[in-house]
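Chain by chain, the residues run as shown.
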Amino acid sequence: MYYSRPLHKEGNPMRIAVLIPCHNEAHTVAKVVADFRQALPEAEVWVFDNASTDQTAVLAEQAGARVRHVAIKGKGSVVRAMFRDVEADAYLMVDGDDTYPATAARGLLRDVLEGRAEMVVGTRLESHEDTAFRRFHGFGNRLVRSCIGLLFGHPVRDVLSGYRAFSRRLVKTMPVLSRGFEIETEMTVFALSNSYAFAEYEVDYGTRPEGSHSKLNTYRDGARVLKTILFLFKDMRPLLFFGLLGLLGILAGLGFGAFVVNEFTRTGLVLHPSTAVLAVACILAGTLSLATGLILDTVNRRSQEILRLVSDQLLAKDRARP
């Protein structure tokens with residue numbers, strides 16, 4: 001992993017932005033804005049309203065937030081707009097449903113501000129109210145983090161948390177591709193795959209206030225998250241992904257081929273030509289898959305080199321700024 005140093009010399013304030021994605025959060029947004037303005041008085045609080053049909057935007061502005069409107073529905077679309085439009089040295093993203101404590105904001109930001117981490121995730125699974133998670137949500141989170149730990153070789157305590165701190169370098173170099181609630185998974189995998197310094201910070205997690213409702217669909221969004229993990233695994237670690245497929249194909253071909261060879265040694269005939277053709281096809285497909293993985297891995301490494309060069313140039317430019 002590679003780290004960044006603090007962007008400014010001691011005595012010069014760092015610009016901090018609190019980013020709050022919202023869709024129909026009129027019951028809670030004003031309190032969330034007020035809490036974070038009190039916890040981080042030096043920060044600029046932004047609310048990105050995602051096509052709300054209630055008074056979310058009006059109440060957020062009255063509470064003192066800067067409001068931006070995002071017409072394309074989906075949390076991923078909102079995160080893309082936030083990362084593109086807001087300029088700061090450190091970012092704190094939090095959901096607008098009043099389930100995350102503003103009192104943990106400085107703890108989450110500490111490693112980013114001091115240059116020890118590029119992303120810090122507020123983990124909820126160790127400290128939460130009994131009714132904070134809906135049925136199967138806790139199980140789903142554990143399943144997702146187990147998949148990421150297995151596929152990417154890094155244990156993660158909470159993949160789906162909406163409470164995160166980021167460095168400017170990560171925010172300005174991450175291509176946000178997801179459209180919905182799978183965005184948290186994408187951010188986690190992006191940081192791990194590109195060797196950004198990653199940390200976790202335990203936070204309390206509460207229940208939504210009465211009248212506030214979750215927009216997360218357990219089964220639909222859960223399936224999207226698992227699909228995202230699979231596709232990110234293919235994109236980020238192509239040699240392992242296609243190598244495993246290639247190995248399975250070659251082993252299957254060898255197995256079918258062994259049957260045909262054994263049959264030929266016993267009878268002098270190939271009594272199952274279709275099996276022989278299948279064996280050859282499996283070995284060819286496995287070899288092609290392995291070659292694909294090798295090519296894509298080379299391309300991926302060159303892309304990572306370009307990403308690091310761009311991010312290092314961005315960091316150098318920020319350090320040179322007075």
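Residues numbered from 1 in each chain as written. Predicted model: local features only at pLDDT ≥ 70, side-chain atom pairs only at ≥ 80, totals over all residues. Heavy atoms only, no water.

1. What to know about the sheet that holds strand E7 (residues 198–202)
Working definition: the strands of a sheet are paired by backbone hydrogen bonds and lie parallel or antiparallel to each other.
Next up, step 1: The mixed open sheet is built from seven strands, whose spatial order is E3-E2-E1-E4-E6-E5-E7. Because the sheet does not close on itself, it has two edges, and the strands there are strand E3 (66–70) and E7. Within this sheet the neighbouring strands show an average axis-to-axis angle of 20 degrees, counted without direction.
Next up, step 2: Inspection of the sheet shows strand E1 (residues 16–22) paired to strand E4 (residues 90–93) by four bridges, in the parallel sense. Within the sheet, the bridge partner assigned to Val18 lies in E4 and is Leu92.
Next up, step 3: On the sheet, helix H4 (residues 105–113) packs against E1, E4, strand E5 (119–123), strand E6 (164–167) and E7 and is oriented at approximately 145 degrees with respect to E4. (Pairing = 2+ DSSP bridges. Helix = DSSP H or I, 4+ residues; strand = E, 2+ residues; numbered from the N terminus. Axes fitted to C-alpha atoms, helices over the stretch in contact; angles between N-to-C directions. Contact = heavy atoms within 4.5 Å.)

2. Here's the deal with the packing of aromatic side chains
Next up, step 1: Inspection of every chain in the model, using the stated rule, returns eight aromatic pairs.
Next up, step 2: Taking the centre distance of 6.1 Å and the plane angle of 90 degrees together, the rings of Phe36 and Tyr163 count as edge-to-face. Linking Phe36 in helix H1 (residues 29–39) with Tyr163 in the loop between helix H5 (137–152) and E6, this pair joins segments that are 127 residues apart in sequence.
Next up, step 3: Taking relative accessible area as the criterion, Tyr163 reaches 0% and is therefore assigned buried.
Next up, step 4: A connected cluster of aromatic rings, assembled from ring pairs, spans Phe36, Tyr100, Tyr163 and Tyr205.
Next up, step 5: The ring of Tyr205 has Arg124 lying over it, and the distance from NZ or CZ to the ring centre is 5.0 Å. (Phe/Tyr/Trp six-rings, centres within 6.5 Å; stacked < 30°, edge-to-face > 60°. Buried < 20%, exposed > 50% of the residue type's maximum accessible area, 1.4 Å probe, protein only. Lys NZ or Arg CZ within 6 Å of the ring centre and 35° of its normal.)

3. Details of the environment of Arg110
Next up, step 1: With respect to the helices, strands and loops of the structure, Arg110 is situated in helix H4.
Next up, step 2: The class for Arg110 is partly exposed, based on a relative accessible area of 41%.
Next up, step 3: In sequence terms Arg110 and Ala165 are 55 residues apart; their C-alpha atoms lie 9.0 Å from each other.

4. Notes on H4
Next up, step 1: Taken residue by residue, H4 has Ala105, Gly107, Leu108, Leu109 and Val112 as its buried positions.
Next up, step 2: Just downstream of H4 lies Gly115, where phi reads positive at about 80 degrees.

5. Focus: the packing of helix H3 (residues 75–85) against helix H7 (residues 183–193)
Next up, step 1: For the pair H3 and H7, interaxial distance at closest approach is 9 Å and the crossing angle is 50 degrees. With respect to H7, the element H3 is oriented oblique. Touching Lys75, Gly76, Val79 and Phe83 of H3 are Ile183, Glu184 and Met187, all from H7.
Next up, step 2: The class makeup of the residues in the contact of H3 with H7 is four nonpolar, one polar and two charged. (Parallel < 35°, antiparallel > 145°, perpendicular 65-115°, else oblique. Nonpolar A, V, L, I, M, F, W, Y, C, P; charged D, E, K, R; others polar.)

6. Structural notes on the pattern of salt bridges
Next up, step 1: Using the criterion set out here, one finds 17 salt bridges in the structure.
Next up, step 2: In this structure, Lys31 engages Asp98 in a salt bridge whose closest nitrogen and oxygen atoms are separated by 3.4 Å. In this pair, Lys31 sits in helix H1 while Asp98 sits in the loop between E4 and H4, placing the two residues 67 residues apart along the sequence.
Next up, step 3: When its relative accessible area of 44% is taken as the criterion, Lys31 is described as partly exposed.
Next up, step 4: Salt-bridge contacts for Glu42 lead to Arg106; the nearest nitrogen and oxygen are separated by 2.9 Å. Of the two residues, Glu42 sits in the loop between H1 and strand E2 (44–50) while Arg106 sits in helix H4, which places them 64 residues apart along the sequence.
Next up, step 5: Since its relative accessible area comes to 41%, Glu42 is described here as partly exposed. (Salt bridge = Lys/Arg side-chain N within 4 Å of Asp/Glu carboxyl O.)

7. A short note on the confidence of the model for the protein chain
Next up, step 1: On average, the protein chain scores 85 in pLDDT, and the residues at 70 or more come to 85%.
Next up, step 2: Put simply, H5 is where the protein chain has its lowest mean pLDDT, 74, and E4 is where it has its highest, 97. (pLDDT = per-residue confidence, 0-100.)

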